[in-house]
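# Residue-level structure breakdown
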Amino acid sequence: MKALVLSGGSGTRLRPFTYSMPKQLIPVANTPVLVHVLRNIIDLGVTEIGVVVGDRAAEIEAVVGDGSRFGTRVTYLRQDAPRGLAHTVAIARDFLGDDDFVMYLGDIMLPDGIADAAAEFTARRPAAQVLVHKVADPRAFGVVELGPDGEVLCLVEKPQEPRSDLALCGVYFFTSAVHEAVASIAPGPRGELEITDAVQWLVSAGAPVRAHHYAGYWKDTGRVEDVLDCNRYLLDAVRGSVAGHVDEGSELVGPVVVEEGARIVRSRITGPVVVGSGSVVQDSHLGPYISVGRDCLVAGSRLEDSIALDGASVTGIRSLRHSLIGRSASVGPTGDGADHVRLVVGDHTRVEVAS
């Protein structure tokens with residue numbers, strides 16, 4: 001089996017961050033979403049991964065490289081513009097050959113893994129298998145209607161009157177039968193080749209198409225609140241470890257990771273918290289649910305339920321909550337300190353908060 005990972009989207013809902021970095025590289029628990037995706041795929045034993053990239057290809061390649069550090073081989077496939085998920089299958093035709101493959105959106109989090117789904121696909125080997133998850137409001141998703149034996153009867157993209165509460169999760173397993181389907185469909189109302197249309201073509205042609213119910217944690221990291229929710233979920237699994245320096249005036253409570261080269265000075269940290277290498281936390285209170293990237297500075301501040309990306313600094317803020325601070329961004333007070341602040345700060349931005 002091969003894999004096709006889609007990493008070419010623009011991420012408009014995550015602006016201002018996605019003005020300066022691909023949405024797939026937003027870190028969750030100090031690891032980019034795309035790396036979480038690759039690890040899930042590699043756990044299946046897949047050794048050949050095609051990564052579809054757009055105009056941010058260089059940044060994706062800088063993080064992923066040739067795949068060797070993950071124990072796999074990565075081939076980059078350029079999509080000149082967003083032309084739909086089925087279009088990515090078309091441009092990957094030579095790479096995929098006639099092999100079975102898993103197609104995985106590069107901005108979704110499935111931290112419980114997809115091994116069960118892969119095993120089901122391998123055992124039954126339908127022409128296509130889609131991952132589905134029950135949702136409260138299916139109107140914002142691709143929706144799947146199933147028959148009595150779990151077979152897919154119909155797929156509808158963002159229906160106004162859904163006939164099911166099963167939403168597509170963004171992971172698809174295919175045999176080579178999908179290539180005929182992709183070649184047979186036309187662009188939809190958005191002017192794109194929709195993967196739902198390709199799967200529906202297989203259904204209409206009488207090919208076996210099944211759904212796997214994914215009961216674990218699933219999140220599309222398209223919004224800041226979703227990124228923070230993912231951060232909380234992953235940090236709940238963190239085990240404390242201290243490779244950096246923690247002085248005698250500091251206290252660590254619960255699971256706290258202090259990476260090598262990080263320094264904790266006269267501070268209290270209540271886990272789960274991760275402090276990245278080279279970062280300094282001084283005269284501050286962090287946690288719970290904080291991810292501090294590499295080479296950050298947190299001084300005279302209290303942070304809770306937030307993410308600070310590499311190189312960020314937060315100084316003199318009495319209470320910063322539910323916030324996402326961009327790379328090399330700086331947050332400070334205009335007076336004696338700000339209280340109960342919720343911020344979304346883009347990369348390389350200076351923000352002063354009134355007290």
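Right, let's walk through the structure included here. On a predicted model such as this, the values are computed, not experimentally measured, just so you know. (Residues numbered from 1 in each chain as written. Predicted model: local features only at pLDDT ≥ 70, side-chain atom pairs only at ≥ 80, totals over all residues. Heavy atoms only, no water.)

Here we take up the overall build of the protein. Within the protein, the regular secondary structure consists of eight helices and 32 strands. Overall, the C-alpha framework of the protein stretches about 70 × 40 × 40 Å when taken along its three principal axes. Out of the 355 residues in the protein, the part that is buried amounts to 55%. In the protein, of all internal contacts separated by at least 6 residues, the share reaching a separation of at least 24 is 47%. When the accessible surface of the protein is split by element, carbon and sulfur atoms take 46% of a total near 15000 Å². Here the protein contributes 33 positively and 45 negatively charged side chains, and the mean placements of these two sets differ by 2 Å. (Helix = DSSP H or I, 4+ residues; strand = E, 2+ residues; numbered from the N terminus. Buried < 20%, exposed > 50% of the residue type's maximum accessible area, 1.4 Å probe, protein only. Contact = heavy atoms within 4.5 Å. Areas by Shrake-Rupley, 256 points an atom, 1.4 Å probe, with all protein chains shown as cover. Lys, Arg positive; Asp, Glu negative; His and termini not counted. Charge placed at Lys NZ, Arg CZ, Asp CG, Glu CD.)

What follows covers the pairing of strand β5 (residues 73–78). Pairing of strand β4 (residues 48–53) with β5, which is carried by six bridges, proceeds in the parallel orientation. From the neighbouring strand, G50 faces β5, where its bridge partner is T75. (Pairing = 2+ DSSP bridges.)

Turning our attention to the nonpolar core. Of all hydrophobic cores here, the largest spans 87 residues; its most connected members are L4 and I49. The dominant element in this core, judged by the number of residues it contributes, is strand β11 (residues 166–174), at eight residues. Counting 27 residues, the second largest nonpolar core, distinct from the first, contains I290, C296, V331 and V351. (Core = buried A, V, L, I, M, F, W, Y, C linked by side-chain atoms within 4.5 Å.)

A word on the side chain of S284. Relative to the assigned elements, S284 resides in the loop between β21 (280–282) and β22 (285–286). Accessibility expressed as a relative area gives 6% for S284, which makes it buried. Only 3.5 Å separates the side chain of S284 from the backbone oxygen of V298, close enough to count as a polar contact. A distance of 3.1 Å separates a polar side-chain atom of S284 from the backbone nitrogen of S301. Not counting the four nearest positions on each side in its chain, S284 is found in contact with R266, S267, R268, V298, A299, G300 and S301. (Polar contact = N/O pair within 3.5 Å; in protein donor to acceptor, adjacent residues only side chain to side chain.)

This part is about the sheet that holds strand β20 (residues 273–275). If you trace the seven strands from one edge of the open sheet to the other, you get β14-β17-β20-β23-β26-β29-β31, paired in parallel fashion. On the outer flanks of this sheet lie β14 (241–242) and β31 (344–345), each paired with one strand and no other. Pairing of strand β17 (residues 256–258) with β20 involves three bridges; the strand directions are parallel. Across the sheet, the residue bridging to V258 is V275, located in β20. Against the sheet, helix α8 (residues 224–235) contacts β20, β23 (290–292), β26 (306–308), β29 (324–325) and β31, and its axis sits at roughly 95° relative to β26. (Axes fitted to C-alpha atoms, helices over the stretch in contact; angles between N-to-C directions.)

What follows concerns the sheet that holds strand β18 (residues 263–265). As a general point, the strands of a sheet are linked pairwise by backbone hydrogen bonds and lie either parallel or antiparallel. As summarised here, the arrangement of the seven strands in space is β15-β18-β21-β24-β27-β30-β32, forming an open sheet in which the pairing is parallel. With one partner strand each, in any of the chains shown, β15 (245–246) and β32 (350–353) form the two edges of the open sheet. In terms of strand pairing, strand β24 (residues 297–299) meets strand β27 (residues 313–315) through three bridges, oriented parallel. Bridge pairing links L297 to S313 in β27.

For the pair helix α6 (residues 177–184) and helix α7 (residues 195–204), the least separation of the axes is 8 Å and the interaxial angle reads 110°. As judged from the angle between their axes, α6 and α7 are roughly perpendicular. Where α6 crosses over α7, the handedness of that crossing is right-handed. Two secondary-structure elements touch here, α6 through A177, V178, E180, A181, V182 and S184 and α7 through A198, W201 and L202. Tallied by class, residues from the contact of α6 with α7 come to seven nonpolar, one polar and one charged. (Parallel < 35°, antiparallel > 145°, perpendicular 65-115°, else oblique. Left-handed = near helix turned anticlockwise from the far one by under 90°. Nonpolar A, V, L, I, M, F, W, Y, C, P; charged D, E, K, R; others polar.)

If you walk through the whole model with that rule in mind, you get five aromatic pairs. Seen from their ring centres, F101 and F174 are 5.4 Å apart, and the 45° between their planes marks the pair as tilted. With F101 in strand β6 (residues 101–105) and F174 in strand β11, the pair connects residues that are 73 residues apart, well separated along the chain. Residue F101 shares its accessibility class with F174, and that shared class is buried. Aromatic side chains F141 and W218 sit 5.6 Å apart centroid to centroid with 50° between the ring planes, which places their arrangement in the tilted category. With F141 in the loop between β8 (128–134) and β9 (142–146) and W218 in the loop between β12 (209–213) and β13 (219–220), this pair connects stretches of sequence that are 77 residues apart. Take F141: its relative accessible area is 26%, and that puts it in the partly exposed class. Members of the aromatic cluster, connected to one another through ring pairs, are F101, Y172 and F174. (Phe/Tyr/Trp six-rings, centres within 6.5 Å; stacked < 30°, edge-to-face > 60°.)

Take the pairing of β6 next. For β6, a buried count of five out of five residues is recorded, marking the element as mostly surrounded by other parts of the structure. Side chains F101, M103 and L105 project from β6 onto one buried face, and the interleaved V102 and Y104 project onto a second face that is buried too. Of the strand pairs in this sheet, strand β1 (residues 2–7) and β6 are connected by five bridges, and their pairing is parallel. Bridging from a neighbouring strand, A3 pairs with V102 of β6. In this sheet, β11 lies alongside β6 in antiparallel orientation, the contact comprising four bridges. What sits directly across from M103, in β11, is Y172.

Quick look at unusual backbone geometry now. Residues G271 and P272 are joined by a peptide bond in cis, for which omega reads 10°. Considering the arrangement of structural elements, one finds P272 in the loop between β19 (268–270) and β20. Here N30, not a glycine, exhibits a phi torsion of approximately 70°, which is positive. Of note, the phi angle at R266 is positive, near 45°, even though the residue is not glycine.

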